[in-house]
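A structural walkthrough
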Amino acid sequence: MSRIPSFSSGGGRTVALLVLLALLAGTVVLSLRFGAAELSFGDVVRALFAYDESSYEQNVVRTLRLPRTLLGLAAGAALAVAGAAMQAVTRNPLASPAILGVNAGAAFGVVIAVSAFGLTRPMSYLWFSFIGGAAASLLVYVIGSQGSGGASPAKLALAGVIVASLLASWTTGILLFDQQSLDVVRFWLVGSLAGRSSGVLAVAAPFQAVAVVLLVSSSSQLNVISIGDERARSLGMNTGRVRGAVLAMVVVAAGATVAATGPIGFVGLAVPHIVRSITGPDYRAITVGSLLVGPIVLIGADVLGRLVLRPTELQVGVVTALIGAPFLIGLARRRGAISL
Amino acid sequence: MTMRRRLSAALLLIALPAIIYATGTTEEPSDTDPVGGGAEGFPVTIEHQYGSVTVPAEPERVVTIGYSEQDPVLATGIAPVAVRYWFGDYPHAVWPWAQDELGDAEPDVLEMPYGELDFERIAALAPDLIVATHSGITAEEYAALSAISPTLVRPEEYPAFGVPWQVQARLIGEAVGRLDRADAAIETVLATIESVADRNPEFDGAQIVFASPAEGQGQYWVFGPNTPPLRFLTSLGFTFPEELAAIVGEQDAAQISSEQVRLLNVDVLVLQVGSEDALGAITSDPLVAGLEIVTEGRIVPFIGSTDPLYGALSFSTVLSLPYAAENLEPLLQAAVDGDPATAVGR
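Now for a description of the structure that goes with this document. (Residues numbered from 1 in each chain as written. Chains lettered and ligands numbered in written order. Predicted model: local features only at pLDDT ≥ 70, side-chain atom pairs only at ≥ 80, totals over all residues. Heavy atoms only, no water.)

Considering the overall build of chain A
- Across its full length, chain A carries 15 helices and zero strands.
- For chain A, whose C-alpha radius of gyration is 20 Å, the value lies close to the compact-globule estimate of 20 Å for 340 residues.
- Along the longest, intermediate and shortest principal axes, the C-alpha atoms of chain A span 65 × 55 × 35 Å.
- Relative to its 340 residues, chain A shows a buried fraction of 52%.
- When the accessible surface of chain A is totalled, it reaches about 14,000 Å², and 69% of it is carbon and sulfur.
- Put simply, chain A has 23 plus and 12 minus side-chain charges, and the middle of one group is 14 Å from the middle of the other. (Helix = DSSP H or I, 4+ residues; strand = E, 2+ residues; numbered from the N terminus. Rg over C-alpha atoms; globule rule 2.2 N^0.38 Å. Buried < 20%, exposed > 50% of the residue type's maximum accessible area, 1.4 Å probe, protein only. Areas by Shrake-Rupley, 256 points an atom, 1.4 Å probe, with all protein chains shown as cover. Lys, Arg positive; Asp, Glu negative; His and termini not counted. Charge placed at Lys NZ, Arg CZ, Asp CG, Glu CD.)

Set out below in structure tokens:
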């Protein structure tokens with residue numbers, strides 16, 4: 001495991017924290033400044049501090065770029081921290097919230113909302129998505145807890161794959177025979193920070209905030225459980241209870257996020273790896289690092305998606321998928337980085 | 001149905017807005033377009049993209065499996081025994097503009113997943129002519145259809161979904177031995193368009209855009225100047241803005257970011273939306289609310305996919321275009337005058 005020696009010292013951590021905060025601030029500024037419409041830094045500053053409702057440029061910043069940037073902050077942080085926690089409690093380097101069936105369940109919930117209840121606006125099917133994601137995860141947990149040994153990481157992963165495949169085939173089946181629903185949901189099925197109304201963030205953000213705070217503050221328990229159930233138990237930990245509580249928080253964080261943005265891959269899987277390669281295996285550092293690097297990666301990908309195909313935009317879910325594939329291959333080839 | 005077929009059907013759906021309007025050609029067909037000799041006598045042989053088709057005798061059981069052929073077939077005075085469902089919510093998949101021609105006939109409706117064909121069902125109809133000019137029939141599918149009955153597909157020079165309405169009407173007129181009726185219907189369309197253009201000099205040179213919000217994406221689809229709807233609108237005198245033409249290029253439709261919604265601020269914006277709510281959300285968006293399209297009442301809304309005006313432009317057939325011309329005329333007048341008191345009411 002590569003580790004920057006100075007990082008374990010308090011001073012090194014402070015420096016790293018400041019660097020990440022600066023990077024995050026820079027990414028946010030880029031996100032407010034660049035996009036399909038041409039405008040200046042002056043427009044951004046005025047939109048934030050001297051908003052003139054009659055200015056087209058300031059409205060672009062205020063009504064489009066600011067909401068999507070805030071959504072990116074919340075979604076990036078929630079996905080990355082949830083991913084880090086998942087990798088700890090399952091001791092699976094390839095774990096991400098998607099393994100619990102969150103995305104598949106959320107997508108199924110949205111399709112049911114649109115197909116069976118005729119809902120058409122993202123705001124109206126937000127709850128279906130959230131409940132779908134949570135219900136699927138619960139199902140995965142229940143199936144994965146059967147038999148001797150309780151909810152072992154391997155059984156959870158297996159149950160997750162099975163439930164996700166089942167839900168995905170139901171989703172596809174419904175959409176194949178219901179063209180109108182497909183028209184409504186096909187763009188939700190690719191995650192995006194744009195075109196999701198600010199009301200979506202207002203609903204999702206409290207859930208994301210609570211879950212992220214709880215996950216970050218339980219990073220000591222993540223450290224213990226990540227060394228293995230037997231050793232964790234020998235240190236007096238009720239591993240079943242901790243794992244269940246952490247997974248519940250992961251579902252809240254990831255479920256609220258997927259409900260708000262649609263499924264976005266790569267961030268929950270890769271950001272904890274990027275952070276771990278710098279900090280080493282201490283989850284107190286990994287969770288805080290993921291909290292900051294997640295939004296940097298997600299908002300950065302969103303800005304990239306706005307600029308590569310101007311004047312059209314590429315949805316951030318597509319961008320993260322495009323970056324994610326080569327990253328995963330690289331990860332698989334560097335064996336050292338995969339070990340926890 | 002193999003997985004690959006399912007996948008390709010799904011992909012087709014994703015590209016639907018583009019495919020509906022695919023044209024790929026800017027050639028305006030002339031009245032002297034050599035699609036046949038105009039003979040009534042059978043057998044009739046017509047060249048097409050996969051060779052030629054010979055119709056041995058006057059067809060009595062016509063089945064349309066392209067997406068808009070019920071119209072040109074009905075225009076010749078023949079009621080098909082079955083028609084393919086495209087979209088909309090109308091009995092027998094025949095839209096309001098073709099009701100007179102349909103009369104008491106009750107064709108079966110073929111509901112097949114987009115891009116797929118149910119060969120057994122088609123064969124069970126015992127057709128003596130299958131029509132698939134507005135479609136993307138493959139060579140394999142054509143071979144299977146030909147084994148069922150003579151099958152008319154598009155001429156080689158036009159891309160899938162890109163046969164102009166005049167050519168489509170004449171091809172079908174020829175195949176059923178009623179070219180004179182097809183020609184008369186075409187004349188009616190051209191005369192209707194011309195009279196609307198003559199009555200409304202203010203349409204001449206006014207800029208028009210046909211767009212649709214890409215729900216949940218924060219973008220808008222803008223339909224290109226060579227699509228059937230835009231060809232029709234520009235034939236009334238309107239022009240397509242050059243700035244958008246540069247973005248759309250040769251495509252049938254292009255997406256622009258919501259940040260550039262200003263580009264849609266033209267003399268008349270035809271806006272296809274899913275619902276009244278969706279329209280209200282757009283016009284009350286602070287970014288859009290200040291634009292002249294809203295303050296001066298210049299938006300012509302198409303609400304939902306069953307809106308007959310949206311259908312008429314999407315079909316763009318020998319029967320739907322006169323209906324579009326007559327019913328759109330007052331809406332376009334209310335929009336182009338820039339008077340908020342005459343905002344377009346639907």
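Still more ground to cover, so stick around.
Let's talk about the sheet that holds strand E5 (residues 108–110) of chain B
Residue and element names in this part refer to chain B.
- Ordered by their spatial adjacency, five strands build an open sheet running E5-E4-E3-E6-E7, and the pairing between neighbours is parallel. Bordering the open sheet on either side are E5 and strand E7 (151–153), each of which pairs with just one other strand. The sheet shows a mean angle of 20 degrees between the axes of neighbouring strands, direction not considered.
- In terms of strand pairing, strand E3 (residues 62–64) meets strand E6 (residues 129–132) through three bridges, oriented parallel. (Pairing = 2+ DSSP bridges. Axes fitted to C-alpha atoms, helices over the stretch in contact; angles between N-to-C directions.)

Digging into the nonpolar core
- The biggest cluster of nonpolar side chains holds 90 residues, and the ones touching the most others in it are Phe-232, Leu-264, Val-300 and Leu-328 of chain B.
- In terms of residue count, helix H15 (residues 320–336) of chain B provides more of this core than any other element does, nine residues in total.
- With near-sequence residues (within four places) excluded, Val-300 of chain B lies in contact with Val-268, Leu-269, Val-270, Leu-271, Leu-328, Leu-331, Leu-332, Ala-335 and Val-344 of chain B.
- If you look at the next biggest cluster of nonpolar residues, it comprises 51 residues, including Ala-88, Ala-164, Val-185 and Val-251 of chain A. (Core = buried A, V, L, I, M, F, W, Y, C linked by side-chain atoms within 4.5 Å. Contact = heavy atoms within 4.5 Å.)

Regarding the sheet that holds strand E8 (residues 208–214) of chain B
All names here are of chain B.
- Across the sheet, which stays open at both edges, the five strands sit in the order E10-E9-E8-E11-E12 with mixed pairing between neighbours. Two strands lie at the open edges of the sheet, namely strand E10 (253–257) and strand E12 (299–303), each paired on one side alone. Along the sheet, successive strands turn relative to each other by an average axial angle of 30 degrees, direction set aside.
- By the bridge criterion, five bridges tie strand E11 (residues 268–273) to E12 in an arrangement that is parallel. If you follow Val-270 over to E12, its bridge partner there is Val-300.
- Sheet strands in contact with helix H11 (residues 276–283) are E8, strand E9 (219–223), E11 and E12, and its direction is about 135 degrees off that of E11.
- Of the strands in this sheet, E8, E11 and E12 touch helix H14 (residues 308–315), which is tilted by about 90 degrees from E12.

Some remarks on the packing of helix H12 (residues 267–279) of chain A against helix H14 (residues 316–333) of chain A
Residue and element names in this part refer to chain A.
- Their axes nearest at 10 Å, the elements H12 and H14 cross at an angle of 50 degrees. On the basis of the axis angle, H12 is oblique to H14. The two elements H12 and H14 meet at a crossing, and its hand is left-handed. In contact with Val-267, Leu-269, Ala-270, His-273 and Ile-274 of H12, H14 contributes Thr-320, Phe-327, Leu-328 and Leu-331. (Parallel < 35°, antiparallel > 145°, perpendicular 65-115°, else oblique. Left-handed = near helix turned anticlockwise from the far one by under 90°.)

Considering the pattern of salt bridges
- Taken as a whole, this structure holds 14 salt bridges over all chains when the rule is applied.
- With its nearest N and O atoms 2.9 Å apart, the salt bridge here joins Arg-243 of chain A to Asp-229 of chain A. Residue Arg-243 of chain A is found in helix H11 (residues 239–261), and its partner Asp-229 of chain A is found in helix H10 (residues 229–234); the two are separated by 14 residues along the sequence.
- Take Asp-229 of chain A: its relative accessible area is 15%, and that puts it in the buried class.
- Of the charged contacts in the structure, one is a salt bridge between Arg-170 of chain B and Asp-183 of chain B, with a shortest N-O distance of 2.7 Å. Note that Arg-170 of chain B is positioned in helix H7 (residues 165–175) and Asp-183 of chain B in helix H8 (residues 179–199), a separation of 13 residues in sequence. (Salt bridge = Lys/Arg side-chain N within 4 Å of Asp/Glu carboxyl O.)

A look at helix H6 (residues 139–148) of chain B
Residue and element names in this part refer to chain B.
- Every buried residue belonging to H6 is among Glu-141, Tyr-142 and Leu-145, and all of these are buried. Axial view of H6: buried residues confined to an arc of 100 degrees, hence all on one face. Summarising the geometry of H6, the exposed residues directed more than 90 degrees from the buried face are Glu-140 and Ala-147. (Arc of directions from axis to C-beta.)

Quick notes on the pairing of E6 of chain B
Residue and element names in this part refer to chain B.
- Alternating residues of E6 divide into Leu-129 and Val-131 and Ile-130 and Ala-132, and every residue in both groups is buried.
- Two strands pair when backbone bridges link them, and E6 and E7 are joined in this way by three bridges, in the parallel orientation. Bridged to Ala-132 within E7 is Val-153.
- With H6 bridging E6 and its parallel neighbour E7, the resulting β-α-β unit is right-handed. (Right-handed = clockwise from strand over helix to strand, strands pointing away.)

A few points about the interface of chain A and chain B
- Listed as interface residues are 26 residues of chain A and, on the opposing side, 30 residues of chain B.
- Interface of chain A and chain B: buried area, both sides summed, is about 2,600 Å²; carbon and sulfur atoms make up 55% of it.
- For the interface between chain A and chain B, the tally reads two salt bridges.
- Its salt-bridge partner being Arg-65 of chain A, residue Glu-259 of chain B comes within 2.6 Å of it at the nearest N-O pair. (Buried area = accessible area lost by both parts, 1.4 Å probe.)

A word on the packing of aromatic side chains
- As enumerated under the stated definition, the model contains 23 aromatic pairs over all chains in all.
- Ring geometry for Trp-86 of chain B versus Phe-87 of chain B: centroids 4.9 Å apart, planes at 90 degrees, classification edge-to-face. The residues Trp-86 of chain B and Phe-87 of chain B share a single accessibility class, namely buried.
- Positioned above the aromatic ring of Phe-34 of chain A is the side chain of Arg-33 of chain A, whose terminal nitrogen or guanidinium carbon lies 4.5 Å from the ring centre.
- The residue whose ring lies beneath Arg-33 of chain A is Phe-41 of chain A, and the NZ or CZ to ring-centre distance is 5.0 Å. (Phe/Tyr/Trp six-rings, centres within 6.5 Å; stacked < 30°, edge-to-face > 60°. Lys NZ or Arg CZ within 6 Å of the ring centre and 35° of its normal.)

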